[in-house]
Amino acid sequence: MKTIFDNATREEIISRINTLTNGHTAQWGKMNVYQMTKHCTIWNNWMLGKGHTTYTQGFLGWIFGKMALKGTVNNDRPMKKGMPSGAAFLTKEKTGDIALQKKIWAEQVAAYGHYSNPNFVHDFFGKMKVDEIGIFVYKHFDHHLRQFNA
């Protein structure tokens, strides 16, 4: 399975990020390309532990999180279309500097080569092993890049 902790996989993701333009349109979902790139940079700050992040698992996650995590990271299937996103990772801005967001996102992807966030707890899945994080991050990026045919 692909993982963001593999150098070749990071290079592939960065290459795909660099193909994004304002002309790309979503194949599903409500975000435009700017909102998606901004979503991914906000989400990466959370995953990488940048900023003042408090990690807590929600109640439904306590019940279903581990089972859902296994269903996500124990296979090569891509994430399903139309998966909901947490409100904290969305932006209402419809336009912005896509080049800047792509640059930030690519730098964040490169940072996974030195990942260290032992306090990370996913809000639904709960505490995750490093290998699970690597697979999940790759699948999240792949999901959004496929969303925009990149």
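See the structure shown above.
When you look at the packing of aromatic side chains in this model, what are you seeing that I'm missing?
Taken as a whole, this structure holds 12 aromatic pairs when the rule is applied. Residues W43 and F136 carry aromatic rings whose centres are separated by 5.8 Å and whose planes lie at 55° to one another, so their mutual orientation is tilted. Note that W43 is positioned in helix α2 (residues 33-48) and F136 in helix α5 (residues 130-147), a separation of 93 residues in sequence. F136 carries the same exposure label as W43, and that label is buried. Where W43 meets F141, the ring centres are 6.0 Å apart and the plane angle is 75°; that geometry is what we call edge-to-face. One end of the pair, W43, is in helix α2; the other, F141, is in helix α5, and 98 residues separate them in sequence.

Mind showing me how you'd approach unusual backbone geometry here?
Negative phi characterises most residues that are not glycine, and trans characterises most peptide bonds. Positive phi outside glycine occurs at N149, with the angle close to 55°. By the element assignment, N149 lies in the segment after α5.

In this structure, what is going on with the environment of W43? I would like to understand it.
We classify W43 as buried; its relative accessible area is 4%. Put simply, W43 and V137 are 94 residues apart on the chain and 9.8 Å apart in space, counted from C-alpha to C-alpha. With residues up to four places along the chain from it excluded, the contact list for W43 reads F89, Y112, F136, V137, H140 and F141.

In this structure, what is going on with helix α1 (residues 7-18)? I would like to understand it.
A turn of α-helix holds 3.6 residues, and therefore any two residues three or four places apart point the same way. Under the 1.5 Å per step criterion, the end-to-end length of α1 is 17 Å for 12 residues, consistent within 8% with the ideal 16 Å. If you check which residues of α1 are buried, you get T9, R10, I13, R16 and I17. Down the axis, α1 shows its buried residues gathered within 125° of arc, on one side only. Summarising the contacts, the buried residues of α1 are in contact with α4 (98-111) and α5.

How do you make sense of a nonpolar patch on the surface when you look at a structure like this?
Taken together, the side chains of F59, L60, W62, I63, F64 and M67 present a nonpolar region at the surface, about 770 Å² in accessible area. With respect to the element layout, L60 can be found in helix α3 (residues 59-73). Relative accessible area serves as the criterion here: at 52%, L60 is assigned to the exposed category.

Please clarify how the packing of α2 against α5 should be interpreted in this entry.
Packed helix pairs are specified by the crossing angle of their axes together with the interaxial distance, meaning the distance between the axes. Between α2 and α5, the least distance of the axes is 11 Å, while the angle of their chain directions is 170°. Here α5 runs roughly antiparallel to α2, going by the angle between their axes. Along the contact surface, α2 presents M36, H39, C40, W43, N44 and M47, while α5 presents I133, F136, V137, H140, F141, H144 and Q147. Of the residues belonging to the contact of α2 with α5, the class tally is 8 nonpolar, 5 polar and no charged.

Please explain the pattern of salt bridges as it appears in this structure.
A side chain with one charge can pair with a side chain of the opposite charge if their charged atoms come near. Taken as a whole, this structure holds 5 salt bridges when the rule is applied. Note that E12 and K2 form a salt bridge whose closest N and O atoms lie 2.6 Å from each other. Of this pair, E12 sits in helix α1 while K2 is found in the segment before α1, placing the two residues 10 residues apart along the sequence. The class of E12 is partly exposed, set by a relative accessible area of 23%. One salt bridge in this structure joins D142 and R16, with 3.0 Å as the shortest N-O distance. Of this pair, D142 sits in helix α5 while R16 sits in helix α1, and the two are 126 residues apart along the sequence. Side by side, D142 and R16 carry an identical accessibility label, which is buried. Here the salt bridges share partners, and the residues they tie into one network are K2, E12, R16, D142 and R146.

Conventions and cut-offs
- Residues numbered from 1 in each chain as written.
- Predicted model: local features only at pLDDT ≥ 70, side-chain atom pairs only at ≥ 80, totals over all residues.
- Heavy atoms only, no water.
- Phe/Tyr/Trp six-rings, centres within 6.5 Å; stacked < 30°, edge-to-face > 60°.
- Helix = DSSP H or I, 4+ residues; strand = E, 2+ residues; numbered from the N terminus.
- Buried < 20%, exposed > 50% of the residue type's maximum accessible area, 1.4 Å probe, protein only.
- Contact = heavy atoms within 4.5 Å.
- Expected span 1.5 Å × (residues − 1).
- Arc of directions from axis to C-beta.
- Patch = residues over 30% accessible without salt bridge, like charges linked within 9 Å, V, L, I, M, F, W, Y side chains within 5 Å.
- Areas by Shrake-Rupley, 256 points an atom, 1.4 Å probe, with all protein chains shown as cover.
- Salt bridge = Lys/Arg side-chain N within 4 Å of Asp/Glu carboxyl O.
- Axes fitted to C-alpha atoms, helices over the stretch in contact; angles between N-to-C directions.
- Parallel < 35°, antiparallel > 145°, perpendicular 65-115°, else oblique.
- Nonpolar A, V, L, I, M, F, W, Y, C, P; charged D, E, K, R; others polar.

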